[in-house]
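Structural overview
Now for the letters of each chain:
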Amino acid sequence: MNSPEHPHHFPYALSALPVTNRFGSLPSAFHTRLSATPLPAPYLVCASEQAADLIGLDQAAFASAEFAEAFSGNAVLPGSEPLSAVYSGHQFGVWAGQLGDGRAILLGEAPAPGSPTGSMELQLKGAGKTPYSRMGDGRAVLRSSIREFLCSEAMAALGIPTTRALCVIGSDQPVIRETVETAAVVTRMSSNFVRFGSFEHWFWNERHDELKILADYVIALSYPQLAQQPQPYHALLREVTQRSAELVAQWQAVGFMHGVLNTDNMSIIGETLDYGPFGFMEAFNPRHICNHSDHQGRYAYQMQPRIVEWNCYALGQALLPLMGDVDTVKDALTVFQPTYDKKIAALWRAKLGLITVQSEDDALVRELLTTMASSRVDFPVFFRRLANLKCDDPSADAPLRDLFIDRAAFDAWLIHYRKRLQQENSVDQARKIAMNHVNPKFVLRNHLAQTAIEKAQQKDFSEVKRLLHILQHPFDEQPENEAYAALPPDWAASLSVSCSS
Ligand code: AMP
Ligand code: MG
């Protein structure tokens, strides 16, 4: 499949991948050109065929030494001018000053016909120190790299905007965290890696020329339709706020918790970015904190929508010099709440298999969540079992009721739910199909990731691969993989996920 723009062989051999460097064309204040720190004896841990397809990269390359050399950062791809970008940000609500790609190196971008910009940037995470490393060692451990890899691809399969992951390359090089682990590099892909914190950097340094250059760059690359608007920067903030509101609604509906929603981890194109101590909701608790370093629960599940809005305000403040007055900024930010409310309501209706819109739906959802929380009901398991409900036959409710300690409360909710279904003449079989299309059977539960990680630490990468392939089809029944959809084992309760990565 050769196109006129890409006359080379498609899929590309690794050495033929046409890499260009658009972010590198920004003035030198935006980045530092550098080389990755060599990673001793790199080997392939896992790679995503689907991610490779996005850039037309030949999968035959995965097993080659050349592949491990390129995506460990040891060898530079032809055309690539590697760099790290500067940014700043608010961490846990506090201005943190300059941060930047402390362990990320952008290789450039490759053509990707399916991407909104027509290309995907390739970024190594964990490829060594950069001028922005501060106290860090520039490395990432195998554990966190596998988690980022699997979750990126899982989120994409769930239909949630996210950066992608091409591969993880490992090495036996020791890396010190709470214990001694080994180094790995994950290659991420996005059509645009600019963060909210990239804008805040220039605002807080009072560099308004660079602020404008960055805004114009982001508009030209990812929001070209806004360039013609009477107030392009207002339109940019509005659009980013809208995308962010829709993104966090999708997180809530699937039970995804990011864990570190600092402004430097907020993507300017509304993708899920920077997978660290993330988690998926299991035993439902709206106050659940997936990051054990987040003592105050700033980034707890139920806080996420407010925090994402807060982050949009931080972006709005940074864009203020381009808009001139506070009212214009505020006006753009007003889209957050209605966008979120509309999106989350639609997602909840779909999760419950409802087709029509009724005024009491909001109350129905709230009542369900209260009931689920008081019984700590497993989030994915509940919605899959709910899909089996027979509208006119409560005698088949047992598997569902069994999930609740407070049966009376759940029974009361079920009466409301049945009435609501009957009101719109819901058809059991059709509803089941629709619900199973939006409620995943398979999510990246911590214990599943942990099992794959422990095997990988013993150089058995088969479980990572297996998990990847399961998570690439999260809505399918996959009867042979039933165990991966089951309630977590007892030992999972003792797993804790810290910021250390
Ligand atoms: P995070 O909370 O993971 O998004 O990281 C916040 C900042 O710390 C970013 O600027 C990262 O690049 C940087 N950082 C995190 N871990 C390391 C590390 N091991 N070495 C260098 N910089 C790091
Ligand atoms: Mg980060």
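Residues numbered from 1 in each chain as written. Chains lettered and ligands numbered in written order. Predicted model: local features only at pLDDT ≥ 70, side-chain atom pairs only at ≥ 80, totals over all residues. Heavy atoms only, no water.

**Some thoughts on the coordination of the magnesium ion (ligand 2)**
Coordination of the magnesium ion (ligand 2) by the protein involves Asn 265 (OD1) and Asp 274 (OD), with metal-donor separations of 1.9 to 2.1 Å. Assigned by exposure class, Asn 265 and Asp 274 land together as buried. (Donors = N, O, S within 2.8 Å, 3.2 Å for Na, K, Ca; no water. Buried < 20%, exposed > 50% of the residue type's maximum accessible area, 1.4 Å probe, protein only.)

**Things to note about the pairing of strand E4 (residues 88-91)**
Of the strand pairs in this sheet, E4 and strand E5 (residues 94-98) are connected by three bridges, and their pairing is antiparallel. Its bridge partner lying in E5, Ser 88 is registered against Gln 98. Taking the residues that link successive antiparallel strands as the turn, the E4-E5 hairpin has two residues, and the phi of Phe 92 there is positive, at about 50 degrees. (Pairing = 2+ DSSP bridges. Helix = DSSP H or I, 4+ residues; strand = E, 2+ residues; numbered from the N terminus.)

**Some details on the side chain of Ser 222**
Of note, Ser 222 is situated in helix H5 (residues 208-222). You can call Ser 222 buried: its relative accessible area is 13%. A distance of 3.0 Å separates the side chain of Ser 222 from the side chain of Asn 192, its partner in a polar contact. Setting aside residues no more than four positions away along its own chain, Ser 222 makes contact with Thr 117, Asn 192, Arg 243 and Ile 269. (Polar contact = N/O pair within 3.5 Å; in protein donor to acceptor, adjacent residues only side chain to side chain. Contact = heavy atoms within 4.5 Å.)

**Thoughts on the site of ligand 1**
Residues in contact with ligand 1 amount to 17 residues; listed here are only the nearest, Gly 100, Gly 102, Arg 134, Gly 138 and Asn 265. Between ligand 1 and the protein, one listed contact pairs an oxygen atom with a side-chain N or O atom of Arg 134 at 2.8 Å. Within the side chain of Arg 177, a nitrogen or oxygen atom sits 3.4 Å from a nitrogen atom of ligand 1. In isolation ligand 1 offers 480 Å² of accessible surface; the protein chains occlude 81% of this area. At a threshold of 2 Å from the grid points, most atoms of ligand 1 map onto the largest pocket. Counted by class, the shell around ligand 1 contains two nonpolar, seven polar and eight charged residues. Formed jointly, the shell around ligand 1 draws a minimum of three residues from each of two domains, domain 1 (14-193) and domain 2 (197-346). (Near = heavy atom within 4 Å. Areas by Shrake-Rupley, 256 points an atom, 1.4 Å probe, with all protein chains shown as cover. 1 Å grid on protein atoms, 1.4 Å probe; cavity = no way out; pocket = protein on both sides within 12 Å on 5 of 7 lines; lining within 4 Å. Sits in = over half its atoms within 2 Å of the grid points. Nonpolar A, V, L, I, M, F, W, Y, C, P; charged D, E, K, R; others polar. Domains from an automatic or database assignment.)

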